[in-house]
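Architecture and fold: a report
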Amino acid sequence: MEMLCTLRSTTESQRQALFKAPEALEPFLEDEEDFGDAKGVAFLELDIGEAWHGLQYLLTGTAWEGKPPLDFLVRGGEDVGDIPSDEGTARVFDAASVKALAEALKQVSVDSLRERFEPAKLQAEDIYPGTWDEEEELEEDVDPLEELLSYFVELQKFTAAVAQRGLCMLVHIG
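Residues numbered from 1 in each chain as written. Predicted model: local features only at pLDDT ≥ 70, side-chain atom pairs only at ≥ 80, totals over all residues. Heavy atoms only, no water.

Turning to the overall build of the protein chain, a few remarks are in order. A count of helical and extended segments in the protein chain gives eight helices and five strands. Secondary structure of the protein chain in N-to-C order comes out as β-α-α-β-α-β-β-α-α-α-α-α-β. Scaling as 2.2 N^0.38, a compact globule of 174 residues should have a C-alpha radius of gyration of about 16 Å, and the protein chain matches this with 16 Å. For the protein chain, the spread of C-alpha atoms along the principal axes amounts to about 50 × 35 × 30 Å. Within the protein chain, the proportion of its 174 residues that are buried is 44%. Put simply, of all contacts in the protein chain between residues at least 6 apart along the chain, 72% involve residues at least 24 apart. Charged side chains in the protein chain number 14 positive and 39 negative. The centres of these two groups are separated by 13 Å. (Helix = DSSP H or I, 4+ residues; strand = E, 2+ residues; numbered from the N terminus. Rg over C-alpha atoms; globule rule 2.2 N^0.38 Å. Buried < 20%, exposed > 50% of the residue type's maximum accessible area, 1.4 Å probe, protein only. Contact = heavy atoms within 4.5 Å. Lys, Arg positive; Asp, Glu negative; His and termini not counted. Charge placed at Lys NZ, Arg CZ, Asp CG, Glu CD.)

What holds strands together in a sheet is hydrogen bonding between their backbones, with the strands either parallel or antiparallel. Spatial strand order, β2-β1-β5-β4-β3: five strands in an open sheet with antiparallel pairing. Bordering the open sheet on either side are β2 (45–49) and β3 (78–79), each of which pairs with just one other strand. The pairing of strand β1 (residues 5–10) with β2 spans four bridges and is antiparallel. The residue bridging Arg 8 from the neighbouring strand is Glu 45, located in β2. Across the sheet, helix α4 (residues 95–106) touches β4 (89–93) and β5 (168–173), and the angle it forms with β5 is around 75 degrees. (Pairing = 2+ DSSP bridges. Axes fitted to C-alpha atoms, helices over the stretch in contact; angles between N-to-C directions.)

This part takes up the layout of surface pockets. The computed volume of the second largest pocket comes to approximately 210 Å³. Looking at the second largest pocket, the residues that line it are Met 1, Pro 22, Glu 23, Leu 25, Glu 26, Leu 29, Asp 82, Ile 83, Pro 84, Glu 87, His 172 and Gly 174. Tallied by class, residues from the lining of the second largest pocket come to six nonpolar, two polar and four charged. (1 Å grid on protein atoms, 1.4 Å probe; cavity = no way out; pocket = protein on both sides within 12 Å on 5 of 7 lines; lining within 4 Å. Points joined across faces, edges and corners; volume = space filled by probe spheres on them. Nonpolar A, V, L, I, M, F, W, Y, C, P; charged D, E, K, R; others polar.)

The next point concerns the side chain of His 172. Checked against the element boundaries, His 172 lands in strand β5. Residue His 172 is classed as buried on the basis of its relative accessible area, which comes to 17%. Apart from residues lying up to four places away in sequence, His 172 is in contact with Leu 4, Cys 5, Thr 6, Leu 29, Ile 83, Thr 89 and Ala 90.

A separate point is the nonpolar core. Core analysis: the biggest nonpolar cluster contains 42 residues, and Leu 7, Phe 72 and Met 169 have the highest contact counts within it. Elements with a contribution of two residues or more to this core: β1, β2, α3 (52–60), α4, α8 (144–164) and β5. Here this core takes eight residues from α8, the largest share from any one element. Other than its neighbours up to four places away in sequence, Met 169 contacts Leu 7, Arg 8, Ser 9, Thr 10, Phe 72, Arg 91, Val 92, Phe 93, Val 98, Leu 101, Phe 158 and Thr 159. (Core = buried A, V, L, I, M, F, W, Y, C linked by side-chain atoms within 4.5 Å.)

What follows concerns the packing of α3 against α8. As a packed pair, α3 and α8 sit with axes 10 Å apart at the nearest point and diverge in direction by 80 degrees. Our classification of the angle between α3 and α8 gives roughly perpendicular. On α8, the residues touching Gly 54, Leu 55, Leu 58 and Leu 59 of α3 are Leu 148, Tyr 151, Phe 152 and Leu 155. Grouping the amino acids of the contact of α3 with α8 by side-chain chemistry returns seven nonpolar, one polar and no charged. (Parallel < 35°, antiparallel > 145°, perpendicular 65-115°, else oblique.)

Put simply, α4 and α8 touch, their axes get as near as 8 Å, and they point 145 degrees apart. Read as a crossing pair, α4 and α8 show a hand that is left-handed. The residues of α8 that touch α4, namely those facing Val 98, Lys 99, Leu 101, Ala 102, Leu 105 and Lys 106, are Phe 152, Leu 155, Gln 156, Thr 159, Ala 160, Val 162 and Ala 163. Taken together, the residues of the contact of α4 with α8 break down into nine nonpolar, two polar and two charged. (Left-handed = near helix turned anticlockwise from the far one by under 90°.)

Here it is as structure tokens:
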């Protein structure tokens, strides 16, 4: 089963509604539920696909730990939704947390992430998707490091935009 990551802005009222109605998470993610919040209809969304775990490792140097707020892809925020733990996770971050995250990401340089990238270590740490040292990945003209760095830049832009609008954020992996 693929584990893909999507980040989405939410309003504070949508964040609260997700706590009260965990069964509404899937319709919310599929744009079928906005909890009657007109402001929330104009949401921002970023799909980072399978890159989430590689980014977690580059940002924190660990697979599942790290210091907040840079560990946000796998930790932090508050759990929402009815998702069995073996099928993924969904967590929401309030607006203050998003602002702190955007500031922290702004301080991270692409060069520092580039220095941390070691395919053998990512493979040894079992960083998803687990294909860091496989030759066929390189044959597809996709450089795994450049792909991660590209997603990182998009992540910086996304969190900055969400923070600037004073919104909350949902991180969904599943």
